[in-house]
Amino acid sequence: RGVALDADPRIIPLLRESAALNGLVSSEANASSLEARLMLVSDGSGEKQATVSLDEHIGVVADGHERERPVSIVKVRRGSLDDELSSLPGDVHFLSIHGNGFFELSILRGARALLAAGRIRCLLVTCPVEEGCAPLRELLSGFGYVAEERLDWLAASPGAVAEAAGGKICEPVDPPTAHNDL
C-alpha cells in the first residue's frame, strides 16, 4: 500500500493514471495499491489550508504568492506526514521526500511522531540546496536513525533496522510488526 502526496493538482491525475497502468489500484487485502492525495506537506504548523501558486512547470509549486507570474493560484489542504500517516497500521517501509531542495527539512519536522517511533524503515530524501545534508542528518540522528549520503540524497533507517540488516541502510529485513504495513 502506498500513498503519494503532492500540492500540484495537475500531478494527482497523473499519479492515479500511473497507478492504474501499473496495477496499483486494488482494494483487496495484501494487494499492492497507491492512493494519490492533494496536499501541501509541511511541518504541520500554521493554517490547515494553503494557497499555492503554480508555474508553467508541472509539479513546481510555491507556498503563497511567491512566483512573479504564476499560471494559476489554488487552495490546497496543508498537513504533515504525521497527520497523514500516523493513523495507518504498521510501519512505512519506504518514504521518499523530494521538495526540490527547499522543503525537505520542514517536511521531516512534520514526521516527528513517525520518526520517534521508528516507523519509517527506509527514508530517501533530497538534501536541501543551500545547507546540504547536515541538517537532515542531525534531525534524523536525534531520532535514532543512521544515515548515509548518496550523491544529493540522504538514505536513512532506524538504528535497530540497520543493525538487523548487518549495518546496511534501507536494506529489507523481516519486519517485526503486522502484515498491514505501508
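In case you missed it, the structure is sitting above this.
Since the model is a prediction, treat every value here as computed from it, not as a measurement.

Student: So what exactly am I meant to see when it comes to a nonpolar patch on the surface here?
Tutor: Judged by side-chain polarity, Phe-102, Phe-103 and Val-129 come together as a nonpolar surface patch covering roughly 320 Å² of accessible area. Position of Phe-103 relative to the elements: it lies in the loop between β7 (95-97) and α3 (104-109). Given a relative accessible area of 36%, Phe-103 falls into the partly exposed group.

Student: So what exactly am I meant to see when it comes to the sheet that holds strand β9 (residues 145-150) here?
Tutor: Two pairing modes exist for strands in a sheet, parallel and antiparallel, and in both the strands are linked by backbone hydrogen bonds. Here we have four strands laid out as an open sheet, ordered β7-β8-β10-β9, and mixed in their pairing. With one partner strand each, in any of the chains shown, β7 and β9 form the two edges of the open sheet. Averaged over all adjacent pairs, the angle separating strand axes in this sheet is 20 degrees, with direction ignored. Looking at chain direction, β7 and strand β8 (residues 123-126) are connected through three bridges and run parallel. Across the sheet, residue Leu-95 finds its bridge partner in β8, namely Leu-123. Helix α5 (residues 134-141) rests against β8, β9 and β10 (153-158) of the sheet, and its axis sits at about 160 degrees to β9.

Student: Just checking my understanding: could you explain the state of the cysteines for this structure?
Tutor: Formally, a disulfide is one covalent bond, and it connects the sulfur atom of one cysteine to the sulfur atom of another. If you walk through the whole model with that rule in mind, you get two disulfides. Across a sulfur-sulfur distance of 2.2 Å, Cys-122 and Cys-170 are joined as a disulfide pair. Judged by the torsion about the S-S bond (100 degrees), the Cys-122/Cys-170 disulfide is right-handed. Residue Cys-122 is found in the loop between α4 (112-116) and β8, and its partner Cys-170 is found in the segment after α6 (159-164); the two are separated by 48 residues along the sequence. Here Cys-122 and Cys-170 have matching classes, each one buried. Here Cys-127 is linked by a disulfide to Cys-133, with a sulfur-sulfur distance of 1.6 Å.

Student: Explain unusual backbone geometry to me, please; I cannot follow it from the model alone.
Tutor: Working note: non-glycine residues mostly have negative phi, and peptide bonds are mostly trans. A positive phi is found at Leu-151, a non-glycine position, where the angle reads about 60 degrees. Assessed through its relative accessible area of 83%, Leu-151 is described here as exposed. Of note, Cys-170 is a non-glycine position whose phi angle comes to about 60 degrees, a positive value.

Student: Would you mind showing me how to read the nonpolar core here?
Tutor: Generally speaking, a soluble globular protein has its nonpolar side chains buried in company with each other. By size, the foremost hydrophobic cluster in this structure holds 26 residues, and its most contacted members are Leu-81, Ile-97, Leu-108, Ile-120, Leu-123, Leu-140 and Leu-154. Breaking this core down by element, the ones donating at least two residues are α2 (81-85), β7, α3, α4, β8, α5, β9 and β10. If sequence neighbours within four positions are ignored, Ile-97 has contacts with Leu-81, Glu-104, Ile-107, Leu-108, Leu-123, Leu-124, Val-125, Thr-126 and Trp-153. Within the second largest apolar cluster, six residues are counted, among which are Ala-7, Ala-50, Val-52 and Leu-54.

Student: Explain helix α1 (residues 11-21) to me, please; I cannot follow it from the model alone.
Tutor: Note that an α-helix has 3.6 residues per turn; residues three or four places apart therefore point the same way. Of all the positions in α1, only Ile-11, Ile-12 and Ala-19 are classed as buried. Each buried residue of α1 lies within a common arc of 100 degrees when the element is viewed along its axis, so the set occupies one face. On its buried face, α1 sits against β1 (2-6) and β2 (34-38). One or two residues past the end of α1 sits Gly-23, with phi positive at roughly 70 degrees.

Student: Hey, could you run me through the side chain of Thr-126 in this one?
Tutor: Within the secondary structure layout, Thr-126 lies in strand β8. Taking relative accessible area as the criterion, Thr-126 reaches 5% and is therefore assigned buried. Excluding residues that lie within four positions of it along the chain, Thr-126 makes contacts with Ile-97, His-98, Gly-99, Gly-101, Glu-104, Leu-136, Asp-152 and Trp-153.

Student: What is the right way to read α5 from this model?
Tutor: Within α5, the full set of buried residues consists of Leu-136, Leu-139 and Leu-140. For α5, the angular spread of the buried residues around the axis is 95 degrees, confining them to a single face. Away from its buried face, by an angle of more than 90 degrees, α5 presents the exposed residues Ala-134 and Glu-138.

Rules used throughout
- Residues numbered from 1 in each chain as written.
- Predicted model: local features only at pLDDT ≥ 70, side-chain atom pairs only at ≥ 80, totals over all residues.
- Heavy atoms only, no water.
- Patch = residues over 30% accessible without salt bridge, like charges linked within 9 Å, V, L, I, M, F, W, Y side chains within 5 Å.
- Areas by Shrake-Rupley, 256 points an atom, 1.4 Å probe, with all protein chains shown as cover.
- Salt bridge = Lys/Arg side-chain N within 4 Å of Asp/Glu carboxyl O.
- Helix = DSSP H or I, 4+ residues; strand = E, 2+ residues; numbered from the N terminus.
- Buried < 20%, exposed > 50% of the residue type's maximum accessible area, 1.4 Å probe, protein only.
- Pairing = 2+ DSSP bridges.
- Axes fitted to C-alpha atoms, helices over the stretch in contact; angles between N-to-C directions.
- Contact = heavy atoms within 4.5 Å.
- Disulfide = S-S within 2.5 Å.
- Core = buried A, V, L, I, M, F, W, Y, C linked by side-chain atoms within 4.5 Å.
- Arc of directions from axis to C-beta.

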